[in-house]
Amino acid sequence: MKFSDKVIAGMLIFIGASMSLMGIVIAEALSPGYHVSQVISDLGVGQTAVFFNLSIIMFGGLFVAAAYLLSKAGTDTWFCALMALTGFAQACVGIFPETLGLPHQVAAAIVFISGCSMAILSFRVFPVPWAWISAALGVVILAAIILLVTEFYFGLGKGGMERIIVYPLILWALGSGALLMAPEK
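I will try to describe carefully the structure that is included in this document. Fair warning: this is a prediction, and the values are worked out from it, not measured in the lab.

1. A short note on unusual backbone geometry
Here is step 1: With an omega of 10 degrees, the peptide bond running from Val128 to Pro129 counts as cis.
Here is step 2: Note that Pro129 resides in the loop between α4 (102-121) and α5 (130-149).
Here is step 3: The phi dihedral of Glu151 is positive, around 60 degrees, even though this residue is not glycine.
Here is step 4: By the secondary structure assignment, Glu151 is in the loop between α5 and α6 (157-181).
Here is step 5: Judged by relative accessible area, Glu151 falls into the exposed class, the value being 58%.
Here is step 6: For Phe154, which is not glycine, the phi torsion reads 55 degrees and is therefore positive.
Here is step 7: Relative to the helices and strands, Phe154 is located in the loop between α5 and α6.
Here is step 8: Classification of Phe154 as exposed rests on a relative accessible area of 59%.

Take a look at the structure:
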């Protein structure tokens, strides 16, 4: 069976998002004393580093590959560029753990901003109602970025607010990947 570039891109996005989510959940479970109010990147150092960082790097790589396939299939150029940038920066988050300081912080900021922009720009790529849901997830991410930067955490801690950025992005990837995998009519 031969799949189109869009279907393969959907598979890569879905697999990458699933791996990333499971990487976070498993690393949280295996990290003694870890609490969700801590930043997610704390999982990228210590005994959970290899597992967590590999899942993040692979997610980023699969995102870049999916962006290439979507571009090849004629998908919106800006959307594909933002997806590739998000994936590249995501991989850099895993390659440069938080102990390296600035490279990690820059990569994480790029993931947050480009991921938010990509989700909002999805309205140009996906059909309704997913286009609306994608844009709404992007707005949630944007609001959470603003709250994180202004250090207004609603009692969730910095890590909790970070998750209000990261989890909607993962949910967007799961939904978008599933939609792209759907049979073309």
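2. Description of the layout of surface pockets
Here is step 1: Quantified by volume, the largest pocket comes out at close to 620 Å³.
Here is step 2: Residue lining of the largest pocket: 29 residues in total, with Ala108, Ala109, Phe112, Leu148 and Glu162 positioned closest to the centre.
Here is step 3: If you list the elements that add at least two residues to the lining of the largest pocket, you get α1 (5-30), α2 (49-72), α3 (77-95), α4, α5 and α6.
Here is step 4: The greatest single-element share of the lining of the largest pocket, amounting to seven residues, is contributed by α4.
Here is step 5: The residue inventory of the lining of the largest pocket, partitioned by class, reads 19 nonpolar, six polar and four charged.
Here is step 6: Quantified by volume, the second largest pocket comes out at close to 240 Å³.
Here is step 7: Lining of the second largest pocket is provided by Lys6, Thr75, Val125, Phe126, Pro127, Leu179, Leu180, Ala182, Pro183 and Glu184.
Here is step 8: When grouped by side-chain class, the residues that make up the lining of the second largest pocket number seven nonpolar, one polar and two charged.

3. Focus on the pattern of salt bridges
Here is step 1: Scanning the entire structure with this criterion turns up three salt bridges.
Here is step 2: The shortest N-O distance in the salt bridge between Asp5 and Lys72 comes to 3.6 Å. With Asp5 in helix α1 and Lys72 in helix α2, the pair connects residues that are 67 residues apart, well separated along the chain.
Here is step 3: Across the pair Arg124 and Asp76 runs a salt bridge whose closest N-O atoms are separated by 2.7 Å.

4. Side note on empty space enclosed by the protein
Here is step 1: Within the structure shown, the criterion is met by one cavity of 30 Å³ or more.
Here is step 2: Roughly 40 Å³ of volume is contained in the largest cavity.
Here is step 3: Considering the residues around the largest cavity, the lining is formed by Phe59, Gly60, Phe63, Thr86, Gly87, Gln90, Val111 and Leu169.
Here is step 4: Contributing elements (two or more residues each) for the lining of the largest cavity: α2 and α3.
Here is step 5: Class assignment of the residues belonging to the lining of the largest cavity gives a composition of four nonpolar, four polar and no charged.

Thresholds applied
Residues numbered from 1 in each chain as written. Predicted model: local features only at pLDDT ≥ 70, side-chain atom pairs only at ≥ 80, totals over all residues. Heavy atoms only, no water. Helix = DSSP H or I, 4+ residues; strand = E, 2+ residues; numbered from the N terminus. Buried < 20%, exposed > 50% of the residue type's maximum accessible area, 1.4 Å probe, protein only. 1 Å grid on protein atoms, 1.4 Å probe; cavity = no way out; pocket = protein on both sides within 12 Å on 5 of 7 lines; lining within 4 Å. Points joined across faces, edges and corners; volume = space filled by probe spheres on them. Nonpolar A, V, L, I, M, F, W, Y, C, P; charged D, E, K, R; others polar. Salt bridge = Lys/Arg side-chain N within 4 Å of Asp/Glu carboxyl O.

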